[in-house]
Amino acid sequence: MAAAPRLAQDAGSVKKKGDKRRSAMAAYLSLDEHAKATGLLQVLRPDGTSDEDSLPSGLDKDLALKMYRGMLQVRIMDERLMALQRQGRIGFYGEARGQEAAVVGSAAALRDGDWIVPALREAGVGIFRGMSLRQYIAQILGNASDNSKGRQMPCHPCDPTVNYVVMSSCVSTQIPHAVGIAMAMRLKGDIGKVAIGYMGDGGTSEGDFHAAANFAGVFKPPVVLFCQNNQWAISTPGTRQTASQTVAIKGLAYGLESLRVDGNDVLAVFEATRYACEKARRGDGPTFIEALTYRVSAHSSSDDPSRYRDETVTLDWRTNKDPLVRFRKWLSGKGWLGDAEDARLAEELEAEVREATAAEEKAPLPDVGTMVDDVYEVVPRHLREQLNQYLDDRRHQHG
Ligand SMILES: Cc1ncc(C[n+]2csc(CCOP(=O)(O)OP(=O)(O)O)c2C)c(N)n1
Ligand SMILES: [Mg+2]
């Protein structure tokens, strides 16, 4: 898997003769279950060209530019926040660099009211769906505006206004939650919405993934399981992660329709996720999606990948397979994005991150009293006593 990702099954090659108007997705869906889980859906060619009739239906300039903006925002936000970590202004950061197409393509297929159950690299999904940059940065700083009141390590945002659930650091524990949320929605008659549960390739080796996939297969709730296969789980490459032919194929054993898409092709990711979401909304059950991409950055600000992997491979993905470059070429080929507009957009997004950071760095830390909030309906006596003792000690120390 890691060493030699399977080459794209060009959508053109699976079209039948005289079937010119079939989209790449429609052609892909006509494959048998095994072929869908082992092939690779592509809409954009690696050089940023496409066949006009292979494009997602309803894709117009507004939507395409919105997706591009979302991808560029993730890129710029990650660069800026990683720089802040290096300056010692935040404690930890995990980038989604090189994975922006998987992040934003899937986010664009969701609707308001859907539930988003992320892993580490999906903050861009929350932001695309309406979580504010200020809230994301407030959480990273752990200040008083943070919805979690500074209790989580950085990069664990949440936002109830867009149903963006806080991630758990424990890999894959979120997948049963996503399936459970979908089952609960159905039980409550909350129909027409989906829960999407994200994970990495490493996450699919955890027992929780298998328990969740089993529940999804048996009970068929409106859930989409979405794996960003970036071919590394910290220092473990995909080849040591699993002996399965692909990640997607694991879903077949649980009775899940499983699709494998080029995760650096935002339109392929969008099409596959939209298909899975619409199917779930209709009550036709869950889908497992593997988006094949590459982690071109370190695992996190605490990691140095040059110690365990061949960085010439990374450089190839970074320079020749960048999802932003690929989509930008396609947009410019359509005449929808020029160099000047692109530069203006980047400036605007950089200013947004700078301003949000400056504002949130000025905010105070959460009040220490909030430490005992939210766990019990009424704060129990022993916690009140501990808090009071701490406040007394602090008063004595500081006079
Ligand atoms: C249950 C558990 N085991 C190990 C870890 C340490 N850990 C944190 S992230 C990670 C790798 C995750 O890899 P993957 O699922 O591929 O996601 P990626 O980081 O590549 O996006 C590991 C092993 C953990 N957080 N939780
Ligand atoms: Mg991974």
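Residues numbered from 1 in each chain as written. Chains lettered and ligands numbered in written order. Predicted model: local features only at pLDDT ≥ 70, side-chain atom pairs only at ≥ 80, totals over all residues. Heavy atoms only, no water.

A. Structural context of the coordination of the magnesium ion (ligand 2). At the metal site, the magnesium ion (ligand 2) is ligated by Asp201 (OD), Asn230 (OD1) and Trp232 (O), and these contacts range over 2.1 Å. Sequence spacing among the residues donating to the magnesium ion (ligand 2) works out to D-x28-N-x1-W. Taken together, the residues span a long stretch of sequence, with Asp201 in the loop between strand 2 (195–200) and helix 8 (207–219) and Asn230 in the loop between strand 3 (223–229) and strand 4 (232–233) at a distance of 29 residues. An identical accessibility class is assigned to Asp201 and Asn230; each is buried. (Donors = N, O, S within 2.8 Å, 3.2 Å for Na, K, Ca; no water. Helix = DSSP H or I, 4+ residues; strand = E, 2+ residues; numbered from the N terminus. Buried < 20%, exposed > 50% of the residue type's maximum accessible area, 1.4 Å probe, protein only.)

B. Local environment of the environment of Pro157. Within the secondary structure, Pro157 sits in the loop between helix 6 (133–141) and helix 7 (174–187). Along the primary structure Pro157 and Lys334 are separated by 177 residues, whereas in three dimensions their C-alpha atoms are 36 Å apart. In this structure Pro157 touches Ala123, Met131, Tyr136, Gln139, Tyr164, Val165, Val166 and Met167, once residues within four positions along its chain are discounted. (Contact = heavy atoms within 4.5 Å.)

C. Examining the site of ligand 1 more closely. Taken together, 14 residues sit near ligand 1, with Arg121, Ser169, Asp201, Gly202 and Trp232 positioned nearest. A distance of 2.8 Å separates a nitrogen atom of ligand 1 from a polar backbone atom of Ser169. The separation between an oxygen atom of ligand 1 and a polar main-chain atom of Gly202 is 2.8 Å. A total of 580 Å² of accessible area belongs to ligand 1 in isolation, and the protein chains cover 66% of it. (Near = heavy atom within 4 Å. Polar contact = N/O pair within 3.5 Å; in protein donor to acceptor, adjacent residues only side chain to side chain. Areas by Shrake-Rupley, 256 points an atom, 1.4 Å probe, with all protein chains shown as cover.)

D. Spatial organisation of the nonpolar core. By size, the foremost hydrophobic cluster in this structure holds 77 residues, and its most contacted members are Met67, Leu81, Tyr93, Tyr136, Leu267, Phe327 and Trp330. Element by element, the count of residues in this core is highest for helix 3 (residues 61–86), at eleven residues. Ignoring sequence-local partners within four residues, the contact set of Phe327 consists of Leu44, Ala64, Met67, Tyr68, Met71, Val266 and Leu267. Val179, Ala212, Ala213 and Cys227 belong to the second-largest nonpolar core, a separate cluster that totals 19 residues. (Core = buried A, V, L, I, M, F, W, Y, C linked by side-chain atoms within 4.5 Å.)

E. How the structure looks around helix 7. Under the 1.5 Å per step criterion, the end-to-end length of helix 7 is 20 Å for 14 residues, consistent within 8% with the ideal 20 Å. Among the residues of helix 7, Gln174, Ile175, Ala178, Val179, Ile181, Ala182 and Met185 are the ones counted as buried. Mapping the buried residues of helix 7 onto a view down its axis gives an arc of 155°, with all of them on the same face. Buried residues along helix 7 sit in contact with strand 1 (115–117), strand 2, helix 8 and strand 3. Gly189, located one to two residues past helix 7, shows a positive phi value of around 75°. (Expected span 1.5 Å × (residues − 1). Arc of directions from axis to C-beta.)

F. Seen up close, the pattern of salt bridges. For the structure shown, the criterion picks out 31 salt bridges. Its salt-bridge partner being Arg45, residue Asp51 comes within 2.7 Å of it at the nearest N-O pair. Of the charged contacts, one joins Glu100 and Arg75 as a salt bridge, the two residues approaching to 2.6 Å between their closest N and O atoms. On the criterion of sequence distance, the pair formed by Glu100 in helix 4 (residues 100–107) and Arg75 in helix 3 is long-range, its members being 25 residues apart. (Salt bridge = Lys/Arg side-chain N within 4 Å of Asp/Glu carboxyl O.)

G. A look at the domain arrangement of the chain. Entries for the chain in the domain assignment read domain 1 (11–362) and domain 2 (368–398). Averaged C-alpha coordinates put domain 1 and domain 2 at centres separated by 40 Å. (Domains from an automatic or database assignment.)

H. Examining unusual backbone geometry more closely. The phi angle at Lys149 is positive, at roughly 55°, despite the residue not being glycine. Inspection of the secondary structure assignment puts Lys149 in the loop between helix 6 and helix 7. Assessed through its relative accessible area of 27%, Lys149 is described here as partly exposed. Positive phi, normally seen in glycine, also occurs at Asp374, with a value near 75°. As for its placement among the helices and strands, Asp374 is situated in the loop between helix 14 (339–362) and helix 15 (381–398).

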